[in-house]
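# Residue-level structure breakdown
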Amino acid sequence: MLPTRTALACLARSCCINAAVTARSMQQLGLVFALEPALRHLYPDVEARAQATAHYSAHSNTHPYMLPLYIGLLLNIEDQVAGGKLPSNALDMVRRTLGTTLSAVGDGFFEGGVFPCWSLTCICLLLAGQTVPAMVLTLLLALALLAFRIGTFFFALRHGLAALTWLKRLGLINWTGRIKIVNACLLTVAGLMLLPLGGDRHTLLWCMGGGGAVLAAAWIIGRLHLPRIILWLVLLTFLVLMETGLVGL
């Protein structure tokens, strides 16, 4: 088991990984930077450390909020490799697929669920004039994300691959679907709060038509599996034609 000071150094460095992203190897340089304190502890010999570092010379990329879990797993396996409990190629087999898998989970849960839910809730609160609750919600989310990063890092560092079983039981993908339903409700509430009920008929019809277009687009994408880029191109073409005066409403 790594000393607490070394583990904390790796965890702190994980916050800086995306500062070293490159187009070719993505987070590879940042990952080596984050793992360096642990590798220096596990491999005092310079040559052995260089060989261990070479395992991380390939492309690496995962979601920022799943990164501490990923690093914790790598350090757990690296500790066993350094102790002779696992062969050195065990790390390569895990690293090859683990980062991409965790990236998919993180993208779906955080980018597709949690962050839109937070932003829509803040929009509704701000439209209602509730600035302080929006600020408190933002602070609570930041603290929750920090706790998630710290907790998953030390859990994976302690339990290794068993942490993946725990992550599966957590069911983040299923929670993503539930949160998206909440997001749809919040979007409806925000739309109603923005609806100019006291405005003229023309403005009201525009708002109703925009809402109907969004629902129609969601149905087309979900049922007909039409690529979203095509709908964006249709919308962009329509707006350009309106701007040039070829289409008037």
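To be clear, the structure that these remarks concern was listed above.
Small disclaimer: the values here were computed from a predicted structure and weren't measured. (Residues numbered from 1 in each chain as written. Predicted model: local features only at pLDDT ≥ 70, side-chain atom pairs only at ≥ 80, totals over all residues. Heavy atoms only, no water.)

### A look at the overall build of the protein chain
Along its length, the protein chain carries 10 helices and zero strands. Within the span of the protein chain, comprising 249 residues, buried residues form 31% of the whole. Contacts in the protein chain between residues at least 24 apart in sequence constitute 73% of all its contacts with a sequence separation of at least 6. Just so you have it, the protein chain exposes about 15,100 Å², and 69% of that area is on carbon and sulfur atoms. (Helix = DSSP H or I, 4+ residues; strand = E, 2+ residues; numbered from the N terminus. Buried < 20%, exposed > 50% of the residue type's maximum accessible area, 1.4 Å probe, protein only. Contact = heavy atoms within 4.5 Å. Areas by Shrake-Rupley, 256 points an atom, 1.4 Å probe, with all protein chains shown as cover.)

### Description of the side chain of His 63
Its location among the elements puts His 63 in the loop between α3 (46-54) and α4 (67-82). For His 63, a relative accessible area of 2% puts it in the buried group. Once residues lying within four places of it in the same chain are set aside, the contact partners of His 63 are Leu 102, Ser 103, Gly 106, Asp 107, Phe 110 and Glu 111.

### Points about the packing of aromatic side chains
Under the criterion given, the structure shown has seven aromatic pairs. Relative to Phe 148, the ring of Phe 110 has its centre 5.5 Å away and its plane inclined at 70°; by these criteria the two rings are edge-to-face. One end of the pair, Phe 110, is in helix α5 (residues 89-127); the other, Phe 148, is in helix α6 (residues 131-159), with 38 residues separating them in the sequence. Given a relative accessible area of 2%, Phe 110 falls into the buried group. Relative to Trp 166, the ring of Phe 155 has its centre 5.0 Å away and its plane inclined at 45°; by these criteria the two rings are tilted. Of this pair, Phe 155 sits in helix α6 while Trp 166 is found in helix α7 (residues 162-170), placing the two residues 11 residues apart along the sequence. (Phe/Tyr/Trp six-rings, centres within 6.5 Å; stacked < 30°, edge-to-face > 60°.)

### Some details on the nonpolar core
Counting 47 residues, the largest nonpolar core has Ile 71 and Leu 75 as the members making the most contacts within it. Elements that contribute at least two residues to this core include exactly α1 (4-13), α2 (28-42), α4, α5, α6, α7 and α8 (172-194). Top contributing element to this core by residue count: α5, with 11 residues. Sequence-distant contacts of Ile 71, that is, excluding residues within four places in its chain, are made with Ser 14, Ile 17, Leu 31, Ala 34, Leu 35 and Phe 153. (Core = buried A, V, L, I, M, F, W, Y, C linked by side-chain atoms within 4.5 Å.)

### Some thoughts on the pattern of salt bridges
A pair can form between side chains of opposite charge whenever their charged atoms are brought close. Across all of its chains, the model carries two salt bridges by this definition. In this structure, the salt-bridge partner of Glu 36 is Arg 13, at a minimum N-O distance of 3.3 Å. Of this pair, Glu 36 sits in helix α2 while Arg 13 sits in helix α1; the two residues are 23 residues apart in sequence, bridging distant segments of the chain. A residue is classified by how much of its surface remains accessible, and Glu 36, at 26% relative accessible area, is partly exposed. By relative accessible area, which is 24% here, Arg 13 ends up partly exposed. The partner of Glu 36 in a salt bridge is Arg 40, and the shortest N-O contact between them spans 2.3 Å. (Salt bridge = Lys/Arg side-chain N within 4 Å of Asp/Glu carboxyl O.)

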